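# A closer look at the structure
As a plain string of letters, each chain reads:
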Amino acid sequence: MLQVNKPTAEINRAIGDAEESSAQTLSTFVGMIRRQLPTMLAIVSACLIVALLYLFTAAPRYSSTASIVIDTRKVQLFQSQSGLGDVAIDSATVETQVEILKSENISLTVIRDLHLIDDPEFAGGGGGFLGAVLSSVTGLGGHLASEFELTRGALQRFESNRTVRRVGLSYVMEIGFTSYDSQKAARIANAIADAYIVDQLEAKYQATRRASVWLQDRIKELRTQASTAQKAVVDFKSANNIVDTGKGLMNQQQLTEVNTQLISARTASAEAKARLNRMNDMLKQEIPDASVADALKNETIIKLRGQYVDIASKEAIWSAKYGSEHLAAVNLRRQMAEIKRNITDELKRIQESYKSDYDIAMTREEAIKSSLNNIVSESQLTNRAQIQLRELESNAQSYQAMYDNFLQRYMESVQQQSFPITEARVISTATTPLVKSYPKTLIVLAVALLGGLILSLGAAMARELTDKVFRTTSQVEEALGTNCIAILPALGDAAGQSVLAGKFSKKADGPRPNLLRYVVDNPLSRFAEAVRSLKVAVDLNSIVRENRVLAVTSTLPDEGKSTLSTNLAQLMAHGGARVILVDSDLRNPSLSRALVPDAKCGLVDIVAQKMRLEDVLTVDPETGLSILPAGTSSKLLHTNEILASKAMRDLVGLLRSKFDYVVLDMPPMAPVVDVRVTTSFVDSYVFVVEWAKTNTDLIVHNLRGAPEIQDKLLGVVLNKADINVLARYESYHGRYDSKYYARYGYTED
């Protein structure tokens, strides 16, 4: 079960980490905005002011729009009337027309027709206050521009104010123009549309005119070529005896006719031969039967055969009645023989006729065969010649077709010249606008606001990234790895003054406070409370180790270390402790000059064993604070040797025995090395950093270069903090403090 739940726990942990990271990122972003809010507001306000100035100074501009459509129905109607083929109008064609509308040719035509080079809007700097300024600036040189320069300048301004776009996927194009004059904007937009239509008509006319000239030359050439090709066909037919009757070649018709005649002749020969053979068979019979006689259709034979049949019938009757030898029977048989001879003679005559017909049919057939052979021979020669003939005829037909096609196109081009038409037409003319289009107040303000926000965020991020100073306790703890004990507020009007001013000095607005006694004069102030927090930190640290000798130092001069050391000592002494304040800044004893300006002897004299401690001490009558000035140190070259001497250590040991707290006002660490030699007798160091001023890298470098001081570092005190600004970095130092200070009797600094 543990193995099963383990991935779930890891997922939940990952989700929790992600949520925590997101919350931390959001908190960081919100904190950055809170800290940089004045800067951001200033930048946004500046952008809005600039936008308002622009709105007040910029001249209003008006935009007017005309619409043009490519009418495909008009093109199709013209094509059907003129016989032209279909010309597809696709998306690319419309985009091409848009580019033509944007061309310099259209723009220069409008500029020339409307005389825009004489218009101050196109020849000068424009309208409004800014335009007047630009015109005055450009006119300072005194250079008179040429007509070409004026035209190019007007063209540049014209194109910057003109817009041409296609409406969606339709055939409609919108032409817009923006001007300081509303009527001028409408007039120019309509002029662009008219110039475009005129340009299209002129382009079509010029194209058809050039095509007509070219077609005329080409038609003459094709006419000559077609005539030459047709003459070659006729000459070739004459040379090869090729005659075309309109239904084919003559030899082919003759061959067909002769072949038909041959078939007929062969049929006739066969019929004649069949009749002849039949007649020969009939001659072998005594009397032809009735079917043969009927087939011959010969009246003589039919009559003779009828007589023969009658006589034979009578002969049979008589022979039966009177006998075959009866004279009447014999006469009848004689008559039958005579009729038989007559029939045979008639059949022979018919045989001879059939034989003659057969011979004639055979002769005709042979003649037709001979003629057919001759025609076949001639057809073979003609067929071989027809190969070349067909090639000549094909060339002639090709030239003739090309001639007819070009002639038709020439007629169409002539018709187009006399009937000009363009596929574009105006569907909406530009009208005078009633409301200005530029500048749009809401858009300008919105852009200024948005730009100000973006610029302010960028500036805020840049300030955050380049802010190499300490402003919060978390920054101190993260960069230095030590506690930030207290944040001392800047003391109002005195923040910009010298920290070591006299007790009081008169100004026009009243006396200013003595910063060296501020905790005594203002015990319920924020400053005093912050110094008390430092005193508490000293006391709490005494539980762990002895913490009676305190050294107050800083990175650079004028960070307020002397003010802090004096006020800390004053606070401790005012609370009843035995405290001595030692001015250990031997290079620049400013504390001694401020507190004991008349002192001639001090720390240097005691270390040199020239004076006793009791002889140089000065006691504050109000707080009981003992002050040990630095003494004469202007001629000392090696102050670090004095602070590192055994006599100095013995002096500090003596002070330990006599006082509860020893507060040493040390020199700054960056200019001199005096502080580093005091680690042998100092219990804790208090490091003063001027709020939002001292460079972070410099502080880190100095502390890392002195690890022995960092080991004894009690903490860091941020001095001269602006509480109002600090509240944007750490809210509990401003918002909550101000809310509850008055409740507990504290006063504002």
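Here is what the cut-offs are and how they apply
Counting from 1, residues in each chain are numbered in the order their sequence is written. Totals for whole chains, interfaces and linings use all residues, but because this is a predicted model, local features are given only for residues with pLDDT of at least 70 and pairs of side-chain atoms are given and counted only at 80 or more. Water and hydrogen atoms play no part in the side-chain values, which are based on all heavy atoms of the structure. At least two bridges found by DSSP between two strands is the condition for calling them paired. Strands here mean DSSP runs of E at least two residues long; helices mean DSSP runs of H or I at least four residues long; both are numbered from the N terminus. In this analysis an axis means a line fitted to C-alpha atoms, helices contributing only their contacting stretch, and an angle means the value between N-to-C directions, from 0 to 180 degrees. Residues are treated as being in contact if the distance between any of their heavy atoms lies within 4.5 Å. Salt bridge, as applied in this entry: a Lys or Arg side-chain nitrogen positioned within 4 Å of an Asp or Glu carboxyl oxygen. Only protein chains enter the accessibility calculation, which uses a 1.4 Å probe. A residue is then buried if its area is under 20% of the maximum for its type, exposed if over 50%, and partly exposed in between. The criterion for an aromatic pair is that two Phe, Tyr or Trp rings (for Trp, the six-membered ring) have centres within 6.5 Å, with stacked assigned to planes under 30 degrees apart, edge-to-face to planes over 60 apart and tilted to the rest. Whether a charge sits over a ring depends on NZ of Lys or CZ of Arg being within 6 Å of the ring centre and within 35 degrees of the ring normal. Two distance rules govern patches: like charges are joined within 9 Å, and nonpolar side chains (Val, Leu, Ile, Met, Phe, Trp, Tyr) within 5 Å, applied only to residues with over 30% relative accessible area and no salt bridge. To measure how exposed things are, a 1.4 Å probe is used in the Shrake-Rupley method; for residues, cover is taken only from the protein chains shown. What makes a nonpolar core is a set of buried Ala, Val, Leu, Ile, Met, Phe, Trp, Tyr and Cys residues whose side-chain atoms join them at distances within 4.5 Å. Every residue is assigned a pLDDT by the predictor, reflecting its confidence on a scale from 0 to 100.

With antiparallel pairing, four strands are arranged side by side in an open sheet as β2-β3-β1-β4. Each edge of the open sheet carries a strand with a single partner, namely β2 (162-166) and β4 (424-428). Strand-to-strand twist across the sheet, computed as the mean angle between neighbouring axes with direction ignored, equals 25°. Alignment of strand β1 (residues 62-70) against strand β3 (residues 172-179), held across eight bridges, turns out to be antiparallel. Across the sheet, the residue bridging to Y62 is S179, located in β3. Relative to β2, helix α8 (residues 147-161) is tilted by about 45°, and along the sheet it contacts β2 and β3.

Let's shift gears to the pattern of salt bridges. Per the stated rule, a full pass over the model turns up 28 salt bridges. Here R333 and E315 are joined by a salt bridge, their closest N and O atoms 2.7 Å apart. Residue R333 is found in helix α13 (residues 327-418), and its partner E315 is found in helix α12 (residues 299-322); the two are separated by 18 residues along the sequence. Owing to a relative accessible area of 14%, E315 belongs among the buried residues under this scheme.

For the structure on display, the rule yields six aromatic pairs. Here F122 and F158 contribute two aromatic rings whose centre-to-centre distance is 6.5 Å and whose plane-to-plane angle is 40°, an arrangement assigned as tilted. Here the residue F122 occupies a position in helix α6 (residues 120-123), and F158 occupies one in helix α8, the gap between them amounting to 36 residues. The two residues F122 and F158 agree in class, both being buried. Here the aromatic residues F122, F158 and F177 are joined through ring pairs into a cluster of three or more. Cation over ring: R218 sits above F406, and NZ or CZ is 5.8 Å from the ring centre. Over the ring of W691 we find R471; its NZ or CZ atom is 5.4 Å from the centre of that ring.

A contiguous nonpolar surface patch, about 440 Å² in accessible area, is contributed by V536, L540, I543 and V544. Looking at the secondary structure, you find V544 in helix α17 (residues 526-544). Taking relative accessible area as the criterion, V544 reaches 69% and is therefore assigned exposed.

Through backbone hydrogen bonds, the strands of a sheet pair up, either in parallel or in antiparallel fashion. Pairing within the open sheet is mixed, and its eight strands lie in the order β5-β12-β11-β6-β10-β7-β9-β8. Both edges of this open sheet fall to β5 (484-489) and β8 (618-619), since each of them pairs with a single strand only. Pairing geometry for β5 and strand β12 (residues 713-721), over four bridges, is parallel. Within β12, the residue paired with I487 across the bridge is L718.

On to the nonpolar core, then. General note: in soluble globular proteins, nonpolar side chains tend to be found buried as a group. Formed by 49 residues in total, the largest nonpolar core has its most connected members in L628 and L664. Residue contacts for L628: discarding those within four places in its chain leaves I580, L581, V582, D583, G602, L603, I606, L613, V616, L617 and L651. Residues L491, L516, V552 and V686 belong to the second largest nonpolar core, which totals 37 residues.

Our focus in this paragraph is the confidence of the model for the protein. With 81% of its residues at a pLDDT of at least 70, the protein reaches an overall mean of 81. With pLDDT under 50 throughout, residues 1-6 is counted as low confidence; its partners more than four residues away or in other chains account for zero contacts. Low pLDDT, under 50, characterises residues 493-511; the predicted model gives this stretch 29 contacts beyond four residues in sequence or across chains.

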